Amino acid sequence: AFARPSFELSQREPARCELGRSIERRRIRKEGRMDKKGVLFILIDGVGDSSCRSQDRRTPMQVAHTPNMDALARGGETGMIDPVEPGYACGSDTAHLSLFGYPPKEYYRGRGSFESMGAGMEMEEGDVAFKSNFAYIDTRTRVVEKRRADRNFEVEGPILCSALDGIAIPGYPEVEVAVKYATEHRCGVRIRCPNMVDTITGTDPLRDSLPLVKCLPTTSMNDGKSIYACKVVEAVSAEFEKVLSAHPLNKKREEEGKNPANVVLLRGPGARLRVEPFTTRYGWKGAMIAPTAIIAGIGITIGMDVFKPEGTTGDYSSDYSKKGDAAVQLLTKGRDASLYPFTSSGQDEKEGGNEGRYDFCFLHIKGVDDAGHDGSFELKVALLEKVDKMVGDVVKRLSVDQTRDYVCAITGDHSTPVFRLDHSSEPVPFVLAESVRRVQMEMGGKSEVEGGEDPSLSPPPTFDEIGCAGGRLGRFGGGHVMSLLLQCSSTKEERAEAK
């Protein structure tokens, strides 16, 4: 039994002193000086959930067979994190900023720039971009009946984006519009014109069966630039609807009994953020594996090299093994002609040997979140088991690297309960292993625990909502994750200097 963590604990740092003692006790020792550890940070989007009555009040994580992530829990330390703050059902954008150590309250302006840059758009000073959905609107009532025109939109989406890209906006000859397909029903929209600002709302009602939202200023109604920007957005939205309604593809969809994708919902207006680069902030050469546009855009914003390996799509069909292969290569060897970044941050590439490799690799998994949004318990379980297989393969391959050991952390950016079909405010599981070599021993059924508790007195740790809630890291805020990773990856000499 354990006491329920204090709500206020999310505002404090995790139990570092205990973690520090554990790390020193469990350190794998070898002759000679080891390089500073590499860091693998795996994020399973929407991983958290709630208990389900039909499954004996278990969550998808508890039902899923995940021996490799459970081994990570046994070989490391666990806890629960509030990605942004307690009680906040955050989006992926604010959660990722927080987890990377960029407080959303200080840096966040809107997710549009992330989505657009992640889709491959260039963003200049003064541009405003939107995370956008192809949707279906009843043109008589002006009610958005379906915010997602179709989840399977990989063929039609690029065609409609091409029809909208670069169109002229009546009454606004100074406005340049760019549209680029992202994934599924999503696209990025960029508006470029003099005096454009992001202090405005979007047009997305955020739920089905609600009227299309009118774009309004978020500042004073007397703010001339914001009022102008709202008029531009309304004009762009109307012209998009006109073009889409007349498009042959939508005529065909209607003939087939499908809803036409006749409106683009403009959401999260945002200009490009200017932040301290990741490598300057942490001293790490950072890589991100994220085919999902909004996550890739965050990586671009903070100055990581972003990779989208072939076969990784950000949806249910994504090949997780290709993501794992890419992570191993980037951490052990670095990039080459077969694995070239979707976008490069300009981080210096060292010459010779293994020094072209990355110090930090962030690996994003999207499909699990989609299963929550689609309300499929069984699919969420299946995808978690697929992730677990990838984790086991990656840990095994990193553990045989003779040049350095690796820290591995796994968590989520928010919970997406299958009964809710949306994000919720529960904290999410977190596991941190300071040595993949030790984890590999756990996977092989061997344990190196020294001075631990008698396993007969308590169940072994597991990576799920209940198993991690009793972990020694307790419950803490996502803004502290990077400091933990820094601490665990440091060399013995660096720790001695810190003392």
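Going along each chain's sequence as written, the residues are numbered from 1 onward. Since the coordinates come from a predicted model, pLDDT governs what is reported: local features require at least 70, and pairs of side-chain atoms require 80 or more to be given and counted, while whole-chain, interface and lining totals use all residues. To get the side-chain values, all heavy atoms of the structure are used, and hydrogens and water are removed first.

### With respect to the overall build of the protein chain
Phase 1: Secondary structure elements follow DSSP: runs of H or I of four or more residues count as helices, runs of E of two or more count as strands, with numbering from the N terminus. Along the backbone of the protein chain there are 18 helices and 14 strands.
Phase 2: Per-residue accessibility, obtained with a 1.4 Å probe over protein chains only, is compared with the maximum for each type, and a residue is labelled buried under 20%, exposed over 50%, and partly exposed between these values. Classification of the 499 residues of the protein chain by burial places 57% in the buried group.
Phase 3: Accessible surface for the protein chain amounts to roughly 21,100 Å². Of this, 50% is attributable to carbon and sulfur atoms. Areas reported as accessible are Shrake-Rupley estimates using a 1.4 Å probe. Residue values count occlusion only from the protein chains shown.

### So, the nonpolar core
One recurring pattern in soluble globular proteins: nonpolar side chains tend to sit buried together.
Phase 1: To define a nonpolar core, start from buried Ala, Val, Leu, Ile, Met, Phe, Trp, Tyr and Cys residues and group those joined through side-chain atoms within 4.5 Å. Of all hydrophobic cores here, the largest spans 89 residues; its most connected members are Leu40, Phe100, Phe360, Ile410 and Leu485.
Phase 2: Contacts are residue-level and defined by heavy atoms, with any inter-residue pair within 4.5 Å sufficient. Beyond its immediate chain neighbours, meaning those up to four positions away, Ile410 contacts Ile42, Ile44, Met69, Leu72, Val391, Pro429, Phe430, Val431 and Phe463.
Phase 3: Listed in part, the 35 residues of the second largest apolar core include Leu160, Cys161, Leu164 and Ala261.

### Re the confidence of the model for the protein chain
Phase 1: By definition, pLDDT measures how confident the predictor is in each residue, and it falls between 0 and 100. Mean pLDDT over the protein chain stands at 87; residues scoring 70 or higher make up 85%.
Phase 2: For residues 1–11, every residue scores under 50 in pLDDT, and the model assigns this stretch 19 contacts once sequence neighbours within four places are set aside.

### A few points about the pattern of salt bridges
Phase 1: Between Lys or Arg on one side and Asp or Glu on the other, a salt bridge is scored when a side-chain nitrogen of the former is within 4 Å of a carboxyl oxygen of the latter. As enumerated under the stated definition, the model contains 29 salt bridges in all.
Phase 2: A salt bridge links Glu434 to Lys37; the nearest nitrogen and oxygen atoms lie 2.5 Å apart. With Glu434 in the loop between β13 (428–433) and α15 (436–443) and Lys37 in the loop between α1 (16–26) and β1 (38–44), this residue pair connects regions lying 397 residues apart in the sequence. Accessibility assignment for this pair places Glu434 and Lys37 in one class, buried.
Phase 3: Put simply, Asp138 and Arg140 hold a salt bridge, and the shortest N to O gap is 3.5 Å.
Phase 4: Judged by its relative accessible area of 12%, Asp138 falls in the buried class.
Phase 5: Here the salt bridges do not stand alone but share partners, grouping Arg74, Arg438 and Glu442 into one network.

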